[in-house]
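Chain by chain, the residues:
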Amino acid sequence: MNQSKVEVIQDGARVSWPGVTTSLGVLVLFILMVSVTWPRIEYWISGMGTIQIGLLASLVAGLFTAVGAIPIFFLRRIPQSVEDAMMGFGAGVMLAATAFELVLPAVEGAEAQYGVVGMAILVLAVGMGLGGGFLLLLHRLVPHEHFMIGPQSGADPMKIRRVYLFIFAIALHNLPEGLAVGVGFGGDVSDGMTLAVAIGLQNMPEGLVVAIALLSLGYSKITAFGVTLLTGLVQPVGGLMGAVAVSVMEFLLPWGLAFAAGAMLFVISHEIIPESHRKGHEAKATLGVLIGFIALIAIDLSLG
């Protein structure tokens, strides 16, 4: 094979190395920007209460869904392999955020509150079980389409009539993310900010996938963008719920963190990873998970 080529065949699809390099460069610049601007942001929010910060941060994170949808005004589709890699990236970011910004603070908070390691483990296990079980119950009770319809040729009347089910699915997906951000600000502010950045990062590829799926069903670009924006605005609802709960009853913070962790893991395992693996691009999706996980750790360290 000619080594001078900038594209190689992998998993049955082309990998554009210039595109990969550019994406990684943008990600590094984003991490650096977060690191540089964090002291100013921390000073600006220092006078706010938990509810205010939780609501504002989850709102901004939700708006990143619309930011991710902006490219639909310049294109109508993206390669399936790129879509799967982006979904994998979002899963990696969420996995790291769940582990380091929800699970560990939940254990530390429960141990400090109850003074017994066994009780901390019990809080984590019960809280995560309740969070995952709550999302499972919602998925059983609320009619919805699977998370990602995917690109299709032309408009399918049946799917157009069912698009509200698709929107319900995205709302179910976004609610626990907003809840996690709101609960996260009940503890260390930097943990909450890392969660907000993580959810915002994950929302951008998700917003693009949602908008393109709506375009494939025959909707106009304005409508697709508007619906994508509305699905992102579910997150501040969850953010407000989480922030109010841990503000009114501080003893609930470890339970709230564990609950949010269980809900997040349910979304990652039940929705994002299976979707990113269903079209034969598992390697690219897994690479996305690794990059996303490392990126979130870098952001966490930069926020100190």
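Residues numbered from 1 in each chain as written. Predicted model: local features only at pLDDT ≥ 70, side-chain atom pairs only at ≥ 80, totals over all residues. Heavy atoms only, no water.

Named according to an unreviewed UniProt entry, the protein is Zinc transporter, ZIP family originating from Ectothiorhodospira marina. Comment text from UniProt for the protein, heading Sequence similarities (unreviewed entry), reads "Belongs to the ZIP transporter (TC 2.A.5) family." Here is the UniProt Subcellular location (unreviewed entry) comment for the protein, exactly as written: "Cell membrane". (UniProt positions renumbered as here; feature names shortened; annotations may be inferred.)

Draft legend 1. Focus on the environment of Ala243. Mapped onto the secondary structure, Ala243 falls in helix H9 (residues 234-248). With ten residues separating them in the primary sequence, Ala243 and Leu253 have C-alpha atoms 9.6 Å apart. Setting aside residues up to four positions removed in sequence, Ala243 forms contacts with Thr50, Ile51, Gly54, Gly182 and Val183. (Helix = DSSP H or I, 4+ residues; strand = E, 2+ residues; numbered from the N terminus. Contact = heavy atoms within 4.5 Å.)

Draft legend 2. Quick peek at the packing of aromatic side chains. If you walk through the whole model with that rule in mind, you get three aromatic pairs. Measuring from centroid to centroid gives 5.6 Å for Phe73 and Phe225, while their planes differ by 55°, and the two rings are tilted. Here Phe225 lies in helix H8 (residues 221-232) and Phe73 lies in the loop between helix H2 (50-69) and helix H3 (80-114), a separation of 152 residues in the sequence. Look at Phe73 and you get partly exposed, because its relative accessible area is 32%. Look at Phe225 and you get partly exposed, because its relative accessible area is 23%. Measuring from centroid to centroid gives 5.8 Å for Phe134 and Phe259, while their planes differ by 45°, and the two rings are tilted. A residue pair is termed long-range when its members are at least 10 positions apart, and Phe134 in helix H4 (residues 117-141) and Phe259 in helix H10 (residues 253-276) qualify at 125 residues. (Phe/Tyr/Trp six-rings, centres within 6.5 Å; stacked < 30°, edge-to-face > 60°. Buried < 20%, exposed > 50% of the residue type's maximum accessible area, 1.4 Å probe, protein only.)

Draft legend 3. Structural context of a nonpolar patch on the surface. Together, Trp44, Leu56, Leu59, Val60, Leu63, Leu230 and Leu233 make up a nonpolar patch on the protein surface, roughly 600 Å² of accessible area in all. If you tally residues by element for the nonpolar patch, the top one is H2, at four residues. Along the chain, Trp44 falls in helix H1 (residues 17-45). (Patch = residues over 30% accessible without salt bridge, like charges linked within 9 Å, V, L, I, M, F, W, Y side chains within 5 Å. Areas by Shrake-Rupley, 256 points an atom, 1.4 Å probe, with all protein chains shown as cover. Salt bridge = Lys/Arg side-chain N within 4 Å of Asp/Glu carboxyl O.)

Draft legend 4. Summary view of the pattern of salt bridges. Tallying each qualifying case throughout the model produces one salt bridge. In this structure, Arg278 engages Glu275 in a salt bridge whose closest nitrogen and oxygen atoms are separated by 2.6 Å. The exposure class assigned to Arg278 is partly exposed, which follows from its relative accessible area of 38%. Taking relative accessible area as the criterion, Glu275 reaches 0% and is therefore assigned buried.

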